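Now for the letters of each chain:
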Amino acid sequence: MHDIKFIRENPKMFDAFMKRRGLKPISNEILELDKERRDILTKLQIKQSERNRISKEIGASVKNNSENKILFQKVLKIKESLVVLEKEESELSQKIDKILMELPNILDKSVPDGSDEKQNKLIRKFGNFKSFSFIPKDHVELGENLNLMDFNTASKISGARFVILRGKLAKLERAIANFMLDIHTKKFNYIETVPPFLVWGNALEGTGQLPKFESDLFQTIDNRWLIPTAEVPLTNFVREKILDYRDLPLRFTAYTPCFRSEAGASGKDTRGMIRQHQFSKVELVSITTKEKSDNELEYMTNCAETILKNLDLPYRVVKLCSGDTGFSASQTLDIEVWLPGQKNDDGSFGTYREISSCSNCRDFQARRMKSRTRDRDKNIEFVHTLNGSALAVGRTMIAIIENYQDQHGDIIIPEVLRPYMQNKQKINLK
């Protein structure tokens, strides 16, 4: 959500900000509606003052009933005109809000310009690619050969883009999530939560999924929505609250299922577990002040990187360009993990795939949720919100399966996960 006052005072600047998002100038349309609404508000104030003045005259009047009757008729006409004006003002406010709700966040000046992921900026890399004496398999072939990953049965039950994990792979998913939660809560002081997986529409409006991305979501028959990410309930924890700056930052984490229709991803990543309608994720959300939000983004990204470092999985961090940055984000750092079993169009093997997006939304979501803080001088301002995957559990499993495979098709369990797996060293058919 955008500040209408900022648009009034900086229309050309606002249009320039939206141009970076690939949008046409919009400030004139907004400000014309805003002027019309403000003119009506002026008329309302005049009418209300006139009504109050006449009402006082009636109360103080010692005149006869016929004279009072004339005054009563005037008040009645004013009330009728007030109803009309209030309706017109409400309709204009709704039009303005609808436009503002569908406009993306203003990009941070550090975000590079670009149309798609090819223009993302490399920030850093970690780890070395594992050397294989054989052609590495992808997670689908490995999982199915172990009889622990079943797409066919899942398809019969639920359709495409679902999977059933069995036995040791099911246990591995739980182990990965528990390991992540332990790191985030013990090392980085996030508060573990179990939020609702169903939310009302206004929660999704608060974080920016609605109204623009309705087709990407699953809705129930009673007008609730399945969460596409735990970011939605976690960020809404502070909805319509005024927080003390001394309590910030607030840091929440949760392990939840996530549900996405993937309506805009037809034909993309259809093989395996990379892009599914249902997947699990450990999410991080931070609520902080505007002075601390940039540092908080680095803090959050480091939390996600720590998981991959402990798992000894090669990855890189990229800053998303203007054309690749999400709707609610002011800037985003993506972490991409190396998957050696993925076959490329040219016949080669191995590619980086996104495993986490850490975003600073600044006050964009807070304005939609009316989430504020009171600073040391008692001033009220909007909080800044951040969110990040730390990590997508399914994609972490894919990375482990492909990076830790051996020549027999077995999966070596990373050392840090073995305590969560009854100290087993590998996953195999035995």
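Heads up: the structure comes first, above all this text.
Residues numbered from 1 in each chain as written. Predicted model: local features only at pLDDT ≥ 70, side-chain atom pairs only at ≥ 80, totals over all residues. Heavy atoms only, no water.

A. Layout of the sheet that holds strand S14 (residues 380-382). Read across the sheet, three strands follow the order S7-S13-S14 without closing on themselves; strand pairing throughout is mixed. Looking along the sheet, the strands with just one partner apiece sit at the ends: strand S7 (242-244) and S14. Here the average twist between neighbouring strands, direction ignored, is 35 degrees. Bridge analysis of S7 against strand S13 (residues 372-374) gives three bridges, and the strand direction is parallel. (Pairing = 2+ DSSP bridges. Helix = DSSP H or I, 4+ residues; strand = E, 2+ residues; numbered from the N terminus. Axes fitted to C-alpha atoms, helices over the stretch in contact; angles between N-to-C directions.)

B. A look at the sheet that holds strand S4 (residues 191-193). With respect to topology, eight strands assemble into an open sheet ordered S1-S10-S11-S12-S15-S9-S8-S4, the strand pairing being mixed. Of all the strands in the sheet, just strand S1 (121-126) and S4 have a single pairing partner and so form its edges. With direction set aside, neighbouring strand axes in the sheet form an average angle of 25 degrees. Pairing analysis gives three bridges linking S4 to strand S8 (residues 250-259), with the strands arranged parallel.

C. Structural view of the packing of helix H7 (residues 167-187) against helix H12 (residues 393-403). Two elements in contact, H7 and H12, have axes whose closest approach is 10 Å; the angle formed by their N-to-C orientations is 115 degrees. Our classification of the angle between H7 and H12 gives roughly perpendicular. H7 and H12 meet at a crossing whose hand is right-handed. Taking contact as the criterion, the partners of Leu169, Leu172, Glu173, Ile176, Ala177 and Met180 in H7 are, on H12, Val393, Thr396, Met397, Ile400 and Ile401. (Parallel < 35°, antiparallel > 145°, perpendicular 65-115°, else oblique. Left-handed = near helix turned anticlockwise from the far one by under 90°. Contact = heavy atoms within 4.5 Å.)

D. Main features of the pattern of salt bridges. The tally for this structure, following the rule as stated, stands at 26 salt bridges. With a closest N to O distance of 3.3 Å, Glu89 and Arg37 form a salt bridge. In this pair, Glu89 sits in helix H4 (residues 65-101) while Arg37 sits in helix H3 (residues 27-60), placing the two residues 52 residues apart along the sequence. In this structure, Glu89 and Arg37 share a single accessibility class: buried. Two residues, Asp150 and Arg166, come together in a salt bridge whose shortest N-O distance is 2.6 Å. Within this pair, whereas Asp150 is found in strand S2 (residues 149-150), its partner Arg166 is found in the loop between strand S3 (164-165) and H7, the two being separated by 16 residues in sequence. Overall, the relative accessible area of 12% leaves Asp150 in the buried class. (Salt bridge = Lys/Arg side-chain N within 4 Å of Asp/Glu carboxyl O. Buried < 20%, exposed > 50% of the residue type's maximum accessible area, 1.4 Å probe, protein only.)

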